[in-house]
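# Observations on the three-dimensional arrangement
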Amino acid sequence: MIRFIVYWIKTNVKEARIKVDTMGNIFVTKGNAETYPCVVAHIDEVHSKKPKDFKVIETSEILFGWSSGAKDFIGIGADDKSGVWLSLVSLKKYDNIKVALFVSEEVGCIGSSKCDLSFFTDCRYILQCDRRGSDDFITHIGGTELCSKEFIAATGFENYGYHQEMGMMTDVLTLKERGLEVSCCNISCGYYEPHTSREFTVKSDLLNCLHFVEHIIDTCNEVYPHKYQYTWNTGFYDDLYDFYYDDVYTLLTNHPDLTFEEICGAFKDYYPQANLQELEMTYEMAKQDIEYWKSKDYEN
Ligand SMILES: [Zn+2]
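Since this is a predicted model, take the numbers as computed values, not measurements.

## Notes on the overall build of the protein chain
- The secondary structure content of the protein chain amounts to nine helices and 13 strands.
- In terms of overall dimensions, the protein chain is globule-like: its C-alpha atoms have a radius of gyration of 21 Å, near the 19 Å expected for 300 residues.
- Within the protein chain, buried positions represent 37% of all 300 residues.

Set out below in structure tokens:
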């Protein structure tokens, strides 16, 4: 994938300057400007093993994966190839732009947690396209603000059918936590049912995202500073562990043998900021409650 992308850029955007770091993160700069718009995505996907006869089927409306041999749907990795496509199309179109493509997002944002932050010091803002659906404009993740009010207002997100939403762990949050001082956001880019074999892309939603990204790049020419502040929002965290309890309770009722580690793996995207110890306590509590109610059943 890394080689394919670098080859594509060298062929289609000859003037771009490409740097691949030791982890495999790809950093691209095009043009010579004081400040740049920046688009980012991740290049890894959860569907690492695909059957040999895997095909991407394209209809007038959607894209999905299919294996004739298995007679089954296969995840296409639209999470986050949609974002990679949007980044490369923008790179080709604009004279001055930066693009960063991260490795290992799906296993805990490893690429963005170790990359050189100085690449982003002359960026006006960072747009990540790594969100399912068609209409989420993510300005908060896990209670942490990603961007300034000025940036949100300047994007004109409502005109593209988007609404502000709270998101899940992804690379821009990692960059913010590491001290990045510009506004970031994460935008729905038309993929659905990510991390499943039924994953698909709705082409009109992907294109709408492209138009929104292009609108931001065309109109937001200032730098939009924003400082990360760690927000310990008690209300949010109470809710968070309540949600987690419900999820764990349901999962354990159906699969009583799941360990805490396995459940953590399944929910990692949903509880990015949660404290591990609290999660483990919640897991034990759900487990005990299930046992309790089971013993009640037997008594009656
Ligand atoms: Zn993703």
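What follows picks up the thread again.
## Notes on the nonpolar core
- Within the largest apolar cluster, 55 residues are counted, with the highest numbers of intra-cluster contacts made by C38, Y125, I126, L127, C184 and V213.
- Per element, the largest residue contribution to this core is six residues, and it comes from helix α6 (residues 203–219).
- Leave out the neighbours within four places in its chain, and C184 touches Y125, I126, Q128, L146, C147, V172, L175 and K176.
- Y244, V248, I263 and L279 belong to the second largest nonpolar core, which has eight residues in total.

## What to know about the pairing of strand β12 (residues 184–192)
- Most of β12 sits out of view: eight of its nine residues are buried.
- Examined bridge by bridge, strand β8 (residues 123–132) and β12 share five bridges and lie parallel to one another. The partner of L127 across the bridge, within β12, is C185.
- Pairing geometry for β12 and strand β13 (residues 200–202), over two bridges, is antiparallel. By the bridge assignment for β13, Y191 is matched with T201.

## Re the domain arrangement of the protein chain
- What the domain assignment lists for the protein chain is domain 1 (2–230) and domain 2 (240–299).
- Using C-alpha coordinates to define each centre, domain 1 is positioned 32 Å away from domain 2.

## Let's talk about the packing of helix α2 (residues 78–93) against α6
- With their axes 11 Å apart at the nearest point, α2 and α6 run at an angle of 40° to one another. Comparing their axes, α6 and α2 come out oblique. Here α2 and α6 pass one another in a crossing that is right-handed. Only L206, C209, L210, V213 and I217 of α6 make contact with α2, whose side of the interface consists of S82, L86, V89 and S90.
- Looking at side-chain class alone, the contact of α2 with α6 contains seven nonpolar, two polar and no charged residues.

## Observations concerning α6
- For α6, which comprises 17 residues, the first-to-last C-alpha distance of 24 Å matches the rise-based estimate of 24 Å (1.5 Å per residue) to within 8%.
- At its buried positions, α6 is contacted by β3 (36–42), α2, β8, α4 (149–155), β12 and β13.

## Quick notes on unusual backbone geometry
- In this chain, D79 is followed by D80 through a cis amide linkage whose omega measures 15°.
- Structurally, the position occupied by D80 is in helix α2.
- The backbone of S104 sits at a positive phi, close to 55°, despite the residue not being glycine.
- Residue position: S104 is located in the loop between β7 (97–102) and α3 (110–114).
- The class of S104 is partly exposed, set by 19 C-beta atoms lying within 10 Å.
- Positive phi is not limited to glycine here, since E193 has a value of about 45°.
- Tracing the backbone through its elements, the reader meets E193 in the loop between β12 and β13.
- Its 15 C-beta neighbours within 10 Å are what place E193 among the partly exposed residues.

## As for the environment of W293
- With respect to the helices, strands and loops of the structure, W293 is situated in helix α9 (residues 276–299).
- Given 11 C-beta atoms within 10 Å, W293 falls into the exposed group.
- As for W293 and R124, which are separated by 169 residues in sequence, their C-alpha atoms are 55 Å apart.

Thresholds, definitions, all that
Residues numbered from 1 in each chain as written. Predicted model: local features only at pLDDT ≥ 70, side-chain atom pairs only at ≥ 80, totals over all residues. Helix = DSSP H or I, 4+ residues; strand = E, 2+ residues; numbered from the N terminus. Rg over C-alpha atoms; globule rule 2.2 N^0.38 Å. Buried ≥ 20, exposed ≤ 12 C-beta atoms within 10 Å, placed from the backbone. Core = buried A, V, L, I, M, F, W, Y, C linked by C-beta atoms within 7 Å. Contact = placed C-beta atoms within 7 Å. Pairing = 2+ DSSP bridges. Domains from an automatic or database assignment. Axes fitted to C-alpha atoms, helices over the stretch in contact; angles between N-to-C directions. Parallel < 35°, antiparallel > 145°, perpendicular 65-115°, else oblique. Left-handed = near helix turned anticlockwise from the far one by under 90°. Nonpolar A, V, L, I, M, F, W, Y, C, P; charged D, E, K, R; others polar. Expected span 1.5 Å × (residues − 1).

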